[in-house]
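Chain by chain, the residues:
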Amino acid sequence: MKRTTGQNRAITSKWRPATQAIRGGTVRSEFGETSEALFLTSGYSYDCAEDVAARFAGEQAGMTYSRLQNPTVEMLEERIALMEGAEACRTQASGMAAMTTALLCQLSAGDHVVAARAAFGSCRWLTDNLLPRFGITTTTIDSRDNDAWKAAIQPNTKVFFFESPANPTMDIVDIAYVCTLAKQHGITTVVDNAFCSPALQRPMEFGADVVAYSATKLMDGQGRVLAGAVCGSSAFINDVLLPFQRNTGPNLSPFNAWVVMKGLETLDLRARRQSENALEVGRFMEKRVPKILHPGLPSHPQHELAMKQMKACGPIFAFILDGGRRQAHDLLNALELIDISNNIGDSRSLMTHPASTTHHNMGAEAREAMGIGEGMLRINVGLEDPADLIEDLDRALCKVGL
Ligand SMILES: *Cc1c(COP(=O)(O)O)cnc(C)c1O
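Conventions and cut-offs
Residues numbered from 1 in each chain as written. Predicted model: local features only at pLDDT ≥ 70, side-chain atom pairs only at ≥ 80, totals over all residues. Heavy atoms only, no water. Salt bridge = Lys/Arg side-chain N within 4 Å of Asp/Glu carboxyl O. Helix = DSSP H or I, 4+ residues; strand = E, 2+ residues; numbered from the N terminus. Axes fitted to C-alpha atoms, helices over the stretch in contact; angles between N-to-C directions. Left-handed = near helix turned anticlockwise from the far one by under 90°. Contact = heavy atoms within 4.5 Å. Nonpolar A, V, L, I, M, F, W, Y, C, P; charged D, E, K, R; others polar. Near = heavy atom within 4 Å. Polar contact = N/O pair within 3.5 Å; in protein donor to acceptor, adjacent residues only side chain to side chain. Areas by Shrake-Rupley, 256 points an atom, 1.4 Å probe, with all protein chains shown as cover. Parallel < 35°, antiparallel > 145°, perpendicular 65-115°, else oblique. Pairing = 2+ DSSP bridges. Domains from an automatic or database assignment. Buried area = accessible area lost by both parts, 1.4 Å probe. Patch = residues over 30% accessible without salt bridge, like charges linked within 9 Å, V, L, I, M, F, W, Y side chains within 5 Å. Buried < 20%, exposed > 50% of the residue type's maximum accessible area, 1.4 Å probe, protein only. Core = buried A, V, L, I, M, F, W, Y, C linked by side-chain atoms within 4.5 Å.

S.K.: What should I look at first to understand the pattern of salt bridges in this one?
M.R.: Think of it this way: side chains of opposite charge can pair up when their charged atoms draw near. Evaluation of the coordinates by the stated rule reveals 21 salt bridges. With a closest N to O distance of 3.6 Å, Arg 144 and Asp 171 form a salt bridge. Taken together, the residues span a long stretch of sequence, with Arg 144 in the loop between β3 (137-141) and α7 (146-152) and Asp 171 in the loop between β4 (157-163) and α8 (175-184) at a distance of 27 residues. Note that Glu 276 and Arg 273 form a salt bridge whose closest N and O atoms lie 4.0 Å from each other. Here Glu 276 and its partner Arg 273 are both found in helix α11 (residues 267-286), three residues apart, which amounts to about one turn of the helix. One salt-bridge network, in which partners are shared between bridges, spans Glu 36, Arg 79, Lys 262 and Glu 265.

Listed below in C-alpha cells is the structure:
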C-alpha cells in the first residue's frame, strides 16, 4: 500500500538521500494527505479494556502515550535514521537533551569519558560539570591530535565524545581514525554532528557508533524550533537509549517534529547553497582579516581532512581580529544586513562573538585553552545573495579600520 511505503525499509533504504529527506518515514492516514499529518495528541483511546491490556503487555501493536509513541514524531525519526544510514533514531526536545540522553543512557558511576576540548559550551558543561557529579570521570583533549585520543584511554573508558567541525574553532577530528581506535578498545563513539547534518557528513560511514544532533540547526534550518536526535544501531536505541528516554521524558513535541520534517524537505538544497555562499564570503573575508578558520579554504590546516569527510564546507566559519573584544563588537554593531545572533544553520546570515556568548560560561582560561580569543567572531552564512553579504561585511570592516 503506497500510504505506508515511507516506513518500508526494503523500499526506502534504496532511495537516494534527497528522496529520503522528502518521503522517508511518511505514513498517510485514511485521508491520504500529501503533507505529513500533525498528530498533536498526548494520549490514545482504545475500543475496549482488553486492547489496552494487550498493548501494555506488548502483545498488540499500537500507541499508548506520546512519551512512548507518536505518529508524527515516528515519521521524523524514521526519516532521520534513513538519511543518516542508521538502523534507528529517537528525537529529543533540543540538541542538549539529545547530547545528555546519548551520554547518560549508557554511562554509570566509575566509567570514564574522553571528550574533545573544542566543543559547544553546553557540551563542555556536561563533560566538565554534570558527569563528574555522578562519579563519571572525564578527560578533555585536543581532538585534532590522534595520539592524544590514544593516550587518554583508560581501562574504564566507555565513551569518546566529539564534534567535527568543532564549535567555534572549526577543529576537525579524523573520524575514521578515532572510531577505529575506539572499536579496538570496546569504546562507544558519540559524534555531535550538528555543524553538518547528514546532508554534509555521515559519521557512521567512518565507523561512528552513535550520531547526535541539534536539529535546531541545519535540519530545521529556518530558526523556528528547538529539536534534537540520536541515531544508532537498533540494539543501542532500543535497549540502551529507549529505557532512559521513556522514563525520563526528554521527548520532542509532535508540533516541533512536524516543523523539522518540513525543514528536512529542503535540507539538501539549503546545505549545498549555504556551503557555496560560505565559500564565496570566506574567500572575500580571507583577504581582509588577519586570520580565518574556514574548513572549505586551503588555508585551514585540516582542509584536506575536512573535505574528505564532508560533502561541502558547510555554512559556518570563524575569523579572528587583532583588536580584541572592542573591535569584534564594533564589527558586529556595524552590520546592517547580517544579524547579531548566536544561532547557526539558519537560512539567515548570523554572526556572534563566542567569548561573550556561546562560550561565556566556561571562563577565560578554558576558552584560551580551546583557542577562543576575544577577537574571534563566528558567522553562519545564509541563503541571501552572497553579493549583499559581502557588501555588508565590506562596509562593516571599513568602519572598524580593516
Ligand atoms: C547548538 C548546538 C548544540 C545544542 O543544541 P540545542 O538545540 O541548542 O540544544 C549542541 N552541539 C552543537 C555543536 C551545537 O551547535
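S.K.: In this structure, what is going on with the packing of helix α4 (residues 71-84) against helix α10 (residues 254-264)? I would like to understand it.
M.R.: Two measures define how a pair of helices packs: the angle their axes make with one another and the distance between the axes. One can describe the packing of α4 onto α10 by two numbers: an axis separation of 8 Å at closest approach and a directional angle of 35°. The interaxial crossing formed by α4 with α10 has left-handed handedness. Residues Thr 72, Val 73, Met 75, Leu 76, Arg 79, Ile 80 and Met 83 of α4 form the contact with α10, whose own contacting residues are Pro 254, Ala 257, Trp 258, Val 260, Met 261 and Leu 264. Counted by class, the contact of α4 with α10 contains 11 nonpolar, one polar and one charged residues.

S.K.: I keep staring at the site of the ligand and nothing clicks. Help me out?
M.R.: As a matter of local geometry, the ligand sits amid 15 residues, with Gly 95, Asp 192, Ser 214, Thr 216 and Lys 217 nearest to it. Note that an oxygen atom of the ligand is positioned 2.8 Å from one of the side-chain N or O atoms of Ser 214. The side chain of Lys 217 places a nitrogen or oxygen atom 2.8 Å from an oxygen atom of the ligand. Protein coverage of the free-state accessible area of the ligand, which is 380 Å², stands at 92%.

S.K.: Please clarify how the packing of helix α5 (residues 95-104) against helix α6 (residues 121-133) should be interpreted in this entry.
M.R.: Relative orientation of the contacting elements α5 and α6 amounts to 40°, with a least axis distance of 10 Å. Taken together, the axes of α5 and α6 lie oblique to each other. α5 and α6 meet at a crossing whose hand is right-handed. Here Met 96, Met 99, Thr 100, Leu 103 and Leu 104 of α5 come into contact with α6, specifically with Ser 122, Cys 123, Leu 126, Leu 130 and Leu 131. Here the residues of the contact of α5 with α6 sort into eight nonpolar, two polar and no charged.

S.K.: When you look at the sheet that holds strand β10 (residues 339-340) in this model, what are you seeing that I'm missing?
M.R.: Two orientations exist for strands paired in a sheet by backbone hydrogen bonds: parallel and antiparallel. Ordered by their spatial adjacency, five strands build an open sheet running β8-β9-β12-β11-β10, and the pairing between neighbours is mixed. Sheet topology places β8 (291-293) and β10 at the edges, where each strand pairs with a single neighbour. Looking at chain direction, β8 and strand β9 (residues 316-320) are connected through three bridges and run antiparallel. The residue bridging Lys 291 from the neighbouring strand is Ile 320, located in β9.

S.K.: Please explain the domain arrangement of the protein as it appears in this structure.
M.R.: By a widespread convention, an interface's size corresponds to the accessible area lost as its parts come together. Looking at the assigned domains, one finds that the protein contains domain 1 (2-37 + 70-264) and domain 2 (268-399). One C-alpha centre belongs to domain 1, the other to domain 2; they are set 25 Å apart. Of the residues lining the interface, 37 residues belong to domain 1; the matching set on domain 2 comes to 38 residues. The junction of domain 1 with domain 2 conceals about 2,800 Å² of combined surface from both sides, 61% of it contributed by carbon and sulfur atoms. Along the contact surface separating domain 1 from domain 2 lie zero salt bridges. The tally of links from domain 1 across to domain 2 stands at 15 residue pairs in polar contact (both at pLDDT 80 or more). Mapped onto the side of domain 1 that touches domain 2, the elements with two or more residues apiece are α6, α8 and α10. In the side of domain 1 that touches domain 2, the residues fall into 20 nonpolar, nine polar and eight charged.

S.K.: Looking at this structure, how should I read a nonpolar patch on the surface?
M.R.: Together, Leu 38, Leu 40 and Phe 255 give the surface a local cluster of nonpolar side chains, amounting to about 280 Å² of exposed area. Along the chain, Leu 40 falls in the loop between α2 (17-23) and α3 (49-56). Using a relative accessible area of 61% as the deciding quantity, one classes Leu 40 as exposed.

S.K.: I'm lost on the nonpolar core in this one. Help?
M.R.: One broad rule of soluble globular proteins: the nonpolar side chains tend to lie buried together. Membership of the largest hydrophobic core comes to 53 residues, with the highest contact counts inside it found for Leu 76, Ile 80, Trp 149, Phe 160, Phe 162, Val 260 and Leu 264. Per-element tally for this core: the top contributor is α4, with six residues. Built from parts of two domains, this core gets at least three residues from each of domain 1 (2-37 + 70-264) and domain 2 (268-399). Not counting chain neighbours up to four residues away, the residues in contact with Val 260 comprise Leu 76, Ala 215, Met 219, Asp 220, Val 225 and Ala 227.

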